[in-house]
2 protein chains.
Amino acid sequence: MKNMPSEKNKKNQIVDSDAKDLYSIADLAGELGISTRTIRFYESKNLLSPERVGNTRVFRKRDRARLLLILRGKRLGFSLRDISEYLSLYDTDETQAHQLALLRTKVDERLELLENQLADLRTTITELKEIRELARTGAPDI
Amino acid sequence: MKNMPSEKNKKNQIVDSDAKDLYSIADLAGELGISTRTIRFYESKNLLSPERVGNTRVFRKRDRARLLLILRGKRLGFSLRDISEYLSLYDTDETQAHQLALLRTKVDERLELLENQLADLRTTITELKEIRELARTGAPDI
DNA sequence: CGGCAGGTTGACGTATACGTCAACTATGGT
DNA sequence: ACCATAGTTGACGTATACGTCAACCTGCCG
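Residues numbered from 1 in each chain as written. Chains lettered and ligands numbered in written order. Predicted model: local features only at pLDDT ≥ 70, side-chain atom pairs only at ≥ 80, totals over all residues. Heavy atoms only, no water.

## Re the overall build of chain A
And step 1. In terms of helices and strands, chain A carries 6 helices and 3 strands.
And step 2. When the helices and strands of chain A are listed from N to C terminus, the series reads α-β-α-α-β-β-α-α-α.
And step 3. Each of the 142 residues in chain A was classed as buried or not, and the buried ones make up 27%.
And step 4. Contacts spanning at least 24 positions in sequence make up 45% of the contacts within chain A whose residues lie at least 6 apart. (Helix = DSSP H or I, 4+ residues; strand = E, 2+ residues; numbered from the N terminus. Buried < 20%, exposed > 50% of the residue type's maximum accessible area, 1.4 Å probe, protein only. Contact = heavy atoms within 4.5 Å.)

Structure below.
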């Protein structure tokens, strides 16, 4: 992932998120270190549905909280599609029973994938160490 | 007062003010038949204080209600300065006692002014009728 | 390697907002 | 007539938002 323009971040670091209840797209992008372009992209993927005042998006606290969830999900390695499914349950299931079940399923899947990758990586490292040891002791050609 | 561009009104006539709680400057201008320029002018006269989301004004229902009061005051012939004084009391006096007293004072002043103008107009009309009668009967030159 | 999918970003034309500096209109007073 | 005031409006340069159409980057798979 590429770095965002630093002047944009610098411009918005004074945003006091605790006191505000309305945010522009530039406010959120600057605060969270993503581009306005990315926020609009997420909306096009139905991850976000901010209000429009005139033609301009206006975000409420709950939109900001939702965006924070999206970013956290991404950091944990979930796809936007997974996150979207999760959030659509968040939107509709007041008891959150199905939401928790889905979350466990997704987390299990993700853990399994990461553990497989970890095992692969360990295997690769072990094999490389073995090859290095053979090269050092002058053992048979590989 | 000049007419506003009719295409602007036409564009915004579908605004459902009862359901919304946030308005853009163009929303309000279109709905109320004034220009965005005039709304910004009122703000510069401290008659209005809308929120900013980013650099953009966002108006809440109470801002809209306040703007309606301003326009009503103007229709009754009050100056913007009078209206501003009235509204500043509206902002600070929860019991509205001073507000009502000031309103009565302002209305009395306005009525007195209008009644004086009415008396002047009646006098002028009476004098013109007298001159017309003299011209018709051939009485002494004026 | 190439292809694909996911995710992000860029280019760009259009629209609207903004603030500043004036200009215009109407009214009243001298 | 001129001047002052109140109220509105215009011109204009700047900034940012918007949506559309691509392009780019990364990782994975065959």
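## A word on the sheet that holds strand β3 (residues 56-60) of chain B
Residue and element names in this part refer to chain B.
And step 1. The strand order β1-β3-β2 describes an open sheet built from 3 strands, whose pairing is antiparallel. The two strands at the open ends of the sheet, each matched to only one other strand, are β1 (22-23) and β2 (51-53).
And step 2. Those strands touched by helix α4 (residues 61-75) are β1, β2 and β3, and its axis lies near 85° from that of β3. (Pairing = 2+ DSSP bridges. Axes fitted to C-alpha atoms, helices over the stretch in contact; angles between N-to-C directions.)

## Focus on the pattern of salt bridges
All names here are of chain A.
And step 1. Following the criterion strictly, the structure yields 8 salt bridges over all chains and no others.
And step 2. The partner of Glu 31 in a salt bridge is Arg 64, with the nearest N and O atoms 2.6 Å apart. Of the two residues, Glu 31 sits in helix α2 (residues 25-32) while Arg 64 sits in helix α4 (residues 61-75), which places them 33 residues apart along the sequence. (Salt bridge = Lys/Arg side-chain N within 4 Å of Asp/Glu carboxyl O.)

## Things to note about the packing of α2 of chain A against helix α3 (residues 36-44) of chain A
Residue and element names in this part refer to chain A.
And step 1. Their axes nearest at 8 Å, the elements α2 and α3 cross at an angle of 110°. Comparing their axes, α3 and α2 come out roughly perpendicular. Facing α2, whose interface residues are Ile 25, Ala 26, Leu 28 and Ala 29, α3 presents Thr 36, Ile 39 and Arg 40.
And step 2. For the contact of α2 with α3, the per-class residue count stands at 5 nonpolar, 1 polar and 1 charged. (Parallel < 35°, antiparallel > 145°, perpendicular 65-115°, else oblique. Nonpolar A, V, L, I, M, F, W, Y, C, P; charged D, E, K, R; others polar.)

## A short note on the relation of the copies chain B and chain A
And step 1. In screw terms, the move from chain B to chain A is a rotation of 179° and a rise of 0.0 Å along the axis, fitting with an RMSD of 0.3 Å. This pairing of chains is accounted for by a two-fold axis.
And step 2. Here 100% of the interface residues in chain B have copies in chain A that are interface residues too; the copies meet face to matching face. (Least-squares fit on C-alpha atoms with pLDDT ≥ 70 in both.)

## Considering the confidence of the model for chain A
Predicted coordinates in regions of low pLDDT should not be interpreted in detail.
And step 1. Confidence in the prediction of chain A, expressed as mean pLDDT, is 74, and 61% of residues score 70 or more.
And step 2. Interface confidence in the predicted complex, given as ipTM, is 0.67; pTM for the same model is 0.67. (pLDDT = per-residue confidence, 0-100.)

## Considerations on the side chain of Arg 66 of chain A
And step 1. Counting through the fold element by element, Arg 66 of chain A comes out in helix α4.
And step 2. For Arg 66 of chain A, a relative accessible area of 16% puts it in the buried group.

## So, the packing of aromatic side chains
Residues and elements named next belong to chain A.
And step 1. Counted under the stated rule, the structure contains 2 aromatic pairs over all chains.
And step 2. Between Phe 41 and Tyr 42, the ring centres sit 6.2 Å apart and the planes meet at 50°, which makes this aromatic pair tilted.
And step 3. For Phe 41, a relative accessible area of 37% puts it in the partly exposed group.
And step 4. Under the relative-accessibility criterion, Tyr 42 is labelled buried at 4%. (Phe/Tyr/Trp six-rings, centres within 6.5 Å; stacked < 30°, edge-to-face > 60°.)

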